[in-house]
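# Overview (structure and organization)
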Amino acid sequence: MPEHIKLKLAAEIKALEYELTTELPAEIRKAVALGDLSENAEYHMAKQRQVFVNARLGQLKKRMGELAMVNLANIPHDRVGFGSRITVFDSSKDEEIVYSLVTSEESDVSKGLISTTSPIGRALLSKQVGDVVTVVTPNGKRELEILKLATIHEVAEEVEAAKAKA
């Protein structure tokens, strides 16, 4: 799993934990000192933020656990999987498009980085060159034919070869 994603999530966790243990308690103490809590907007806002931060921390920690369990050895060498770079022919647009399957944290459709959990990502998973998939998107059905495939293993080899040349 790309290390920069883990670092980004860890940084967000650290910031939220600091807010939860230091900043929010200080805000709540300050609001309590103002008196009557029933009509104290600062108190209610701080308590709402505390609930949100707790929920977000739970999500982030769960995601870190999921990412830690990804085993690159289980990603296929001959089929589309996480980290694959896929060239498809989109018959509805009459054009070739290159997608890379990434985590939801990295996805950026404008750069061709699509999540493995997106409709297109899910449709392409486990497919091979020559397969045609139909994807239902918010803009309607799209038919994609897989023209080229480079799995995460091949992409990693290309990166290593490029580093060796430099």
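Residues numbered from 1 in each chain as written. Predicted model: local features only at pLDDT ≥ 70, side-chain atom pairs only at ≥ 80, totals over all residues. Heavy atoms only, no water.

With that settled, the discussion passes to the overall build of the protein chain. Regarding its fold elements, the protein chain presents four helices and five strands. Computed over its C-alpha atoms, the radius of gyration of the protein chain comes to 22 Å, more than 25% above the 15 Å expected for a compact globule of 166 residues. With respect to the three principal axes, the spread of C-alpha positions in the protein chain is 70 × 45 × 30 Å. Burial statistics for the protein chain: of 166 residues in total, 33% are counted as buried. Sequence-distant contacts in the protein chain: of pairs separated by 6 or more residues, those separated by 24 or more amount to 52%. About 10500 Å² of surface is accessible on the protein chain, with carbon and sulfur atoms providing 55% of the total. Between the averaged position of the 22 positive side-chain charges in the protein chain and that of its 25 negative side-chain charges there is a distance of 3 Å. (Helix = DSSP H or I, 4+ residues; strand = E, 2+ residues; numbered from the N terminus. Rg over C-alpha atoms; globule rule 2.2 N^0.38 Å. Buried < 20%, exposed > 50% of the residue type's maximum accessible area, 1.4 Å probe, protein only. Contact = heavy atoms within 4.5 Å. Areas by Shrake-Rupley, 256 points an atom, 1.4 Å probe, with all protein chains shown as cover. Lys, Arg positive; Asp, Glu negative; His and termini not counted. Charge placed at Lys NZ, Arg CZ, Asp CG, Glu CD.)

Our focus in this paragraph is the pairing of strand β1 (residues 85–90). Both β1 and strand β2 (residues 95–102) contribute to a ladder of six bridges, which runs antiparallel. Residue Asp90 lies in a different strand from β2, and its bridge partner there is Glu95. Relative to strand β5 (residues 140–150), β1 is paired through six bridges, and the arrangement is antiparallel. Across the sheet, Thr87 pairs through a bridge with Lys148, a residue of β5. (Pairing = 2+ DSSP bridges.)

Right, let's get into the layout of surface pockets. Here the largest pocket is characterised by a volume of approximately 290 Å³. As for the largest pocket, its lining consists of 18 residues, of which Tyr99, Val109, Ile120, Thr137 and Arg142 are closest to the centre. When residues of the lining of the largest pocket are traced back to their parent elements, those giving at least two are β2, β3 (113–115), α3 (119–124) and β5. Split into classes, the residues belonging to the lining of the largest pocket amount to eight nonpolar, seven polar and three charged. (1 Å grid on protein atoms, 1.4 Å probe; cavity = no way out; pocket = protein on both sides within 12 Å on 5 of 7 lines; lining within 4 Å. Points joined across faces, edges and corners; volume = space filled by probe spheres on them. Nonpolar A, V, L, I, M, F, W, Y, C, P; charged D, E, K, R; others polar.)

Remember, this is a structural readout, not a statement about activity or role.
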